[in-house]
Amino acid sequence: MSEKYVVTWDMFQMHARKLAERLLPASQWKGIIAVSRGGLFPAAVLARELGLRHVETVCIASYDHDQQGELRVLHAADTDGEGFIVVDDLVDTGNTAKEIRKMYPKAKFVTVFAKPAGAPLVDDYVIDIPQNTWIEQPWDLGLGFVPPIARK
Ligand SMILES: O=P(O)(O)OC[C@H]1O[C@H](OP(=O)(O)OP(=O)(O)O)[C@H](O)[C@@H]1O
Ligand SMILES: [Mg+2]
C-alpha cells in the first residue's frame, strides 16, 4: 500500500457514534454481532450508544498484518442475522464481507471505514478510504518518541 491513514481513538469514537445515529431507532435491534477482532471496537461503541446488551461475535481471520491469506471462521453466532447489526471496523477487498453476508443474510452489515472494492458489500459506512491506503487503527498503534526537527 502506498499511503497510510492514521486513526486516533477519539476520531474512531466520533465516526462510530455517527454510525450509531444512523442505526436509530435502537428498539428495532435484538443485538449486535461483532466481526472479531476489528469489529469488537465499533461494537462496543454501538452497544453503548444504542443501549444494546446482547453482543455476539463471529471470529474470522484473513490478514497476517497486511498480507491477506485464506479466510478462517473460528466461531460463529448462531442466527441468520434477523434483527442484528453486524459490525466490522472496515471493509477492504470485500472478501470478509462476502463471507459474512452469506452467514448472516438477514442482518444489517455496517463498517466504520470502506475502500471502493468493498463499499458496495456493506449496507452503511461512515468514511471513504482510497484502495491504495492502509488504515492504521488506534489499537495497533502506540505513543512513541519523535526526535526534534533540528536533530533529523
Ligand atoms: O475486506 P477485506 O479485504 O476482507 O478486509 C477487511 C477485514 O480485514 C481485517 O480483519 P483481519 O482479518 O485482519 O482480522 P482482525 O480483525 O482480527 O485484525 C478487518 O478487521 C476486516 O475484518
Ligand atoms: Mg477483522
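Residues numbered from 1 in each chain as written. Chains lettered and ligands numbered in written order. Predicted model: local features only at pLDDT ≥ 70, side-chain atom pairs only at ≥ 80, totals over all residues. Heavy atoms only, no water.

If you look the protein up in an unreviewed UniProt entry, it shows as Xanthine-guanine phosphoribosyltransferase from Alitibacter langaaensis DSM 22999. Quoted straight from UniProt, the Sequence similarities (unreviewed entry) entry for the protein says "Belongs to the purine/pyrimidine phosphoribosyltransferase family. XGPT subfamily." Annotation of the protein in UniProt includes, under Subcellular location (unreviewed entry), the sentence "Cell membrane". (UniProt positions renumbered as here; feature names shortened; annotations may be inferred.)

Draft legend 1. Just the overall build of the protein, in detail. Tallying secondary structure elements over the protein gives three helices and eight strands in all. Seen in sequence order, the protein has helices and strands lined up from the N terminus as β-α-β-α-β-β-β-α-β-β-β. The globule rule puts the C-alpha radius of gyration for 152 residues at 15 Å, and the 16 Å found for the protein is close to it. For the protein, the residues scored as buried account for 42% of the 152 residues in total. Carbon together with sulfur atoms contributes 53% to the accessible area of the protein, which is approximately 8800 Å² in total. (Helix = DSSP H or I, 4+ residues; strand = E, 2+ residues; numbered from the N terminus. Rg over C-alpha atoms; globule rule 2.2 N^0.38 Å. Buried < 20%, exposed > 50% of the residue type's maximum accessible area, 1.4 Å probe, protein only. Areas by Shrake-Rupley, 256 points an atom, 1.4 Å probe, with all protein chains shown as cover.)

Draft legend 2. Broad picture of the confidence of the model for the protein. Per-residue confidence for the protein gives a mean pLDDT of 95, with 98% of residues at or over 70. At the level of chain-chain contacts, confidence expressed as ipTM amounts to 0.99, with global pTM at 0.95. (pLDDT = per-residue confidence, 0-100.)

Draft legend 3. Summary view of the sheet that holds strand E7 (residues 127-128). Overall, mixed pairing links the six strands, which are arranged E4-E3-E2-E5-E6-E7 in an open sheet. Of all the strands in the sheet, just strand E4 (67-75) and E7 have a single pairing partner and so form its edges. Across six bridges, the pairing between strand E5 (residues 84-91) and strand E6 (residues 108-114) is parallel. Residue Val87 lies in a different strand from E6, and its bridge partner there is Val110. Most of the contacts of helix H1 (residues 9-21) go to E6, to which it runs at about 150°, and overall it touches E5, E6 and E7. Set on the sheet, helix H3 (residues 95-103) makes contact with strand E2 (31-36), strand E3 (55-64), E4, E5 and E6; between it and E3 the angle comes to about 145°. (Pairing = 2+ DSSP bridges. Contact = heavy atoms within 4.5 Å. Axes fitted to C-alpha atoms, helices over the stretch in contact; angles between N-to-C directions.)

Draft legend 4. Spatial organisation of the side chain of Thr111. Among the structural elements, Thr111 can be located in strand E6. We classify Thr111 as buried; its relative accessible area is 0%. From its side chain, Thr111 meets the backbone oxygen of Phe113 in a polar contact 3.0 Å long. Beyond its immediate sequence surroundings of up to four residues, Thr111 is in contact with Leu19, Asp88, Asp89, Leu90, Val91, Val122, Asp124, Tyr125 and Val126. (Polar contact = N/O pair within 3.5 Å; in protein donor to acceptor, adjacent residues only side chain to side chain.)

Draft legend 5. Just empty space enclosed by the protein, in detail. This model, assessed by the stated rule, comprises one cavity of 30 Å³ or more. Lining the largest cavity are Val86, Ile100, Arg101, Tyr104, Ala107 and Phe109. Class assignment of the residues belonging to the lining of the largest cavity gives a composition of five nonpolar, no polar and one charged. (1 Å grid on protein atoms, 1.4 Å probe; cavity = no way out; pocket = protein on both sides within 12 Å on 5 of 7 lines; lining within 4 Å. Points joined across faces, edges and corners; volume = space filled by probe spheres on them. Nonpolar A, V, L, I, M, F, W, Y, C, P; charged D, E, K, R; others polar.)

Draft legend 6. Representation of the UniProt feature "binding site: xanthine" (unreviewed entry) in the protein. Mapped onto the present numbering, the UniProt feature "binding site: xanthine" (unreviewed entry) falls on Asp92 and Ile135. On the basis of their most widely separated C-alpha atoms, the annotated residues across 44 residues gather in one place, lying no more than 9.6 Å apart. The residue Asp92 is located in the loop between E5 and H3 in this model. Aside from chain neighbours lying at most four places away, what touches Asp92 is Met1, Tyr63, Lys115, Ala117, Gly118, Gln131 and Trp134. Within the element layout of this structure, Ile135 appears in strand E8 (residues 133-136). Here Ile135 is in contact with Tyr5, Val7, Leu90, Phe113, Lys115 and Ile129, once residues within four sequence places are set aside.

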